[in-house]
Amino acid sequence: MKEQHFFNRHVDFALTCLDKHESGKPFHPTLHQYFKSNRQFGSRDRKTIKNLCYNWFRLGCSFGKLSRKDQMVLSNLCITESVPEWMLGLFDVFVLPPSWIEWSLQNRLEFLEKHLEWNTNEVFPDMDKMSSEVNKEVFIPHLFKQPLVWFRCKNANEYDDVCKKLSDVTIKENKALGVSAGHLLDSSGVSKQIEIQDYSSQEVFKAIDLNGVQSVWDCCCASGGKSLTLLDRTKSINICASDSRKSILSNFIKRTGRHRYRVWSAVVDLAKPISKIKFESKQNSVEKTAPGFDLVVADLPCSGSGTWNRNPEFKSASQHNVLKYRELQQQIVQNAWPFVKKGGRLLYTTCSVYKAENEDNLKSLNLDGMEVVNQGYVHGYEHDSDTMFFAELKKI
């Protein structure tokens, strides 16, 4: 059968692509380079190969007793909603019933639990270490599909105009907008009016009380999404931003360019104690000593486990070390805390669902005058987005 022949070829190509991937690294560059080197693939071929690979990351790799090829075929049979009947015969470890093609994903997984010596919990590393605040029964099915791409308007006055230009857009109460991962935002004519930012991040950073806040330190600034949210909200604040990686900081400076008169930056390694920081901009420089800020934003390095629905290639159990991240998080917060003014706040955030990086870590912090004002999770699995933890710490 022609369809079967082409599908088997696609599986072979996908397996080759996985072999070229370095574990613990983003998979997209590997995929891009593979397609660049093999230009014979059309758009449909590329889509099929990509889906086979990501289905393996999402589910197939958890079928530890099967060969990688069988893992890939079976994960595709589970996650793909409409499966042609001939495809059932490609998996020959045991017989899949004809009714499989009509079953829901949940029914398919329940069948495998009975026949494969496998449990659904195996799709997520260290399930027992997840926070009790995370609903595992809802969270796990969310891992098997790509979440929406979320964004917001740079200028609130352009919100209605952006909504009119988009089709099939999801709109949230906080005015976050979401589209499917395959949506061509550039062709919609809105690319210059929006900032890409996940729903959960928008929910946390739009809710921060900025009354009386003038000086902000974004101490783990990454590409600048959090700073931009605060800068777009009000003209009353200035932001100093830092990151330990010079290349990341360069991207931050470029992305926040439209607010360049209100932004200063510096390369800072907060794994070590510091007494002063010299922040620079194109206009001038400013030196900050402790205490120097009304608000410190600490979006901390973490396992990223709340984003593994979006980036399933990172969920290999061997690639994350919660204890390592926990120690680094403690160092960063302890070294940033002296820079918080009395009465000021530090916002502690991660995109992790592991309690050791979140609520348990807060309990272990020994910070002078620390009061936990608010803490919790934004349950991204309920909103087709990432899951995020936040805690607002006040210095009293």
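Residues numbered from 1 in each chain as written. Predicted model: local features only at pLDDT ≥ 70, side-chain atom pairs only at ≥ 80, totals over all residues. Heavy atoms only, no water.

### Overview of the overall build of the chain
Link 1 in the chain: Counting secondary structure elements, the chain contains 12 helices and 13 strands.
Link 2 in the chain: Dimensions of the chain along its principal axes, counting C-alpha atoms only, are 70 × 45 × 40 Å.
Link 3 in the chain: Counting over 396 residues, the chain shows a buried share of 51%.
Link 4 in the chain: In the chain, of all internal contacts separated by at least 6 residues, the share reaching a separation of at least 24 is 65%.
Link 5 in the chain: By element, 47% of the accessible surface of the chain is carried by carbon and sulfur atoms, the whole surface being about 19400 Å².
Link 6 in the chain: Considering the chain, the positive charge centre built from 53 side chains and the negative charge centre built from 47 side chains are found 8 Å apart. (Helix = DSSP H or I, 4+ residues; strand = E, 2+ residues; numbered from the N terminus. Buried < 20%, exposed > 50% of the residue type's maximum accessible area, 1.4 Å probe, protein only. Contact = heavy atoms within 4.5 Å. Areas by Shrake-Rupley, 256 points an atom, 1.4 Å probe, with all protein chains shown as cover. Lys, Arg positive; Asp, Glu negative; His and termini not counted. Charge placed at Lys NZ, Arg CZ, Asp CG, Glu CD.)

### Here we look at the packing of helix α4 (residues 68-79) against helix α5 (residues 105-115)
Link 1 in the chain: At a closest axis distance of 8 Å, the pairing of α4 and α5 adopts a crossing angle of 140°. On the basis of their axis angle, the class for α4 and α5 is oblique. Seen from α4, the contacting residues are L74, L77, C78 and I79; seen from α5, they are L105, R108, L109 and L112.
Link 2 in the chain: Across the contact of α4 with α5, the residue classes break down as 7 nonpolar, no polar and 1 charged. (Axes fitted to C-alpha atoms, helices over the stretch in contact; angles between N-to-C directions. Parallel < 35°, antiparallel > 145°, perpendicular 65-115°, else oblique. Nonpolar A, V, L, I, M, F, W, Y, C, P; charged D, E, K, R; others polar.)

### Details of the sheet that holds strand β1 (residues 149-153)
Link 1 in the chain: Taken together, 4 strands build an open sheet; the order of strands is β2-β3-β1-β4 and the sheet is antiparallel. Each edge of the open sheet carries a strand with a single partner, namely β2 (170-171) and β4 (194-196).
Link 2 in the chain: Of the strand pairs in this sheet, β1 and β4 are connected by 3 bridges, and their pairing is antiparallel. When the sheet's bridge partners are listed, R152 is paired in β4 with E195. (Pairing = 2+ DSSP bridges.)

### Examining the pattern of salt bridges
Link 1 in the chain: All told, the structure shown has 14 salt bridges when counted by the stated rule.
Link 2 in the chain: Here D161 and K165 are joined by a salt bridge, their closest N and O atoms 3.4 Å apart. With a gap of 4 residues between them, D161 and K165 both fall in helix α7 (residues 159-165), about one helical turn apart.
Link 3 in the chain: By relative accessible area, which is 35% here, K165 ends up partly exposed.
Link 4 in the chain: A salt bridge links R245 to D243; the nearest nitrogen and oxygen atoms lie 2.8 Å apart.
Link 5 in the chain: Judged by relative accessible area, which is 42%, R245 ranks as partly exposed. (Salt bridge = Lys/Arg side-chain N within 4 Å of Asp/Glu carboxyl O.)

### Regarding the side chain of D294
Link 1 in the chain: Here D294 shows up in strand β10 (residues 293-299).
Link 2 in the chain: Its relative accessible area of 16% is what places D294 among the buried residues.
Link 3 in the chain: Of note is the side chain of D294, whose polar atom sits 3.0 Å from the backbone nitrogen of S215. (Polar contact = N/O pair within 3.5 Å; in protein donor to acceptor, adjacent residues only side chain to side chain.)

### Regarding the packing of aromatic side chains
Link 1 in the chain: Counted according to the given criterion, the structure contains 27 aromatic pairs.
Link 2 in the chain: Pairing W56 with F57 gives two aromatic rings, centres 5.2 Å apart and planes at 70°, and the pair type is edge-to-face. Considered together, W56 and F57 belong to a single accessibility category, that of buried residues.
Link 3 in the chain: With centroids separated by 5.3 Å and ring planes inclined at 50°, the aromatic side chains of F124 and W308 adopt a geometry described as tilted. Here F124, found in the loop between α5 and α6 (136-142), pairs with W308, found in the loop between β10 and α11 (322-336); they are 184 residues apart in sequence, far enough to count as distant. (Phe/Tyr/Trp six-rings, centres within 6.5 Å; stacked < 30°, edge-to-face > 60°.)

### Considerations on unusual backbone geometry
Link 1 in the chain: The amide bond that connects A290 to the next residue, P291, takes the cis arrangement and shows omega of -10°.
Link 2 in the chain: Along the chain, the position of P291 falls in the loop between β9 (285-289) and β10.
Link 3 in the chain: Notably, D168 is not glycine yet its phi reads approximately 55°, a positive angle.
Link 4 in the chain: Mapped onto the fold, D168 is located in the loop between α7 and β2.
Link 5 in the chain: Classification of D168 as exposed rests on a relative accessible area of 72%.

### A closer look at the pairing of strand β13 (residues 388-395)
The side chains of a regular strand alternate between both faces of the sheet.
Link 1 in the chain: With 7 of 8 residues buried, β13 is to be regarded as a mostly interior element.
Link 2 in the chain: Bridge analysis of strand β11 (residues 340-350) against β13 gives 6 bridges, and the strand direction is antiparallel. Note that in β13 the partner of L346 across the bridge is L393.
Link 3 in the chain: Relative to β13, strand β12 (residues 370-378) runs antiparallel, the two sharing 8 bridges. When the bridges of β13 are listed, Q375 appears paired with A391.

### Looking at the nonpolar core
Link 1 in the chain: If you look at the biggest cluster of nonpolar residues, it comprises 84 residues, and the most contacted ones within it are F124, W217 and L346.
Link 2 in the chain: Here this core gets 7 residues from one element, more than from any other, and that element is helix α1 (residues 2-19).
Link 3 in the chain: Listed in part, the 25 residues of the second largest apolar core include I208, V216, L347 and F390. (Core = buried A, V, L, I, M, F, W, Y, C linked by side-chain atoms within 4.5 Å.)

### Considering α11
Link 1 in the chain: Counted at 1.5 Å a residue, the expected span for α11 with its 15 residues is 21 Å, and the 21 Å between its end C-alpha atoms agrees.
Link 2 in the chain: Buried residues of α11: V322, Y325, Q329, Q330, I332, V333, N335 and A336, and no others.
Link 3 in the chain: Contact partners of the buried residues in α11: β5 (215-218), β10, β11 and α12 (359-364).
Link 4 in the chain: Measuring from the backbone nitrogen of L323 back to the side-chain oxygen at the start of α11 gives 3.3 Å, which picks out N321 as the cap. (Expected span 1.5 Å × (residues − 1).)

### Some thoughts on the environment of L367
Link 1 in the chain: Take L367: it is sitting in the loop between α12 and β12.
Link 2 in the chain: Given a relative accessible area of 10%, L367 falls into the buried group.
Link 3 in the chain: Sequence separation between L367 and E280 is 87 residues; the distance between their C-alpha atoms is 29 Å.
Link 4 in the chain: The contact partners of L367, leaving out residues within four places of it in the chain, are V333, Q334 and W337.

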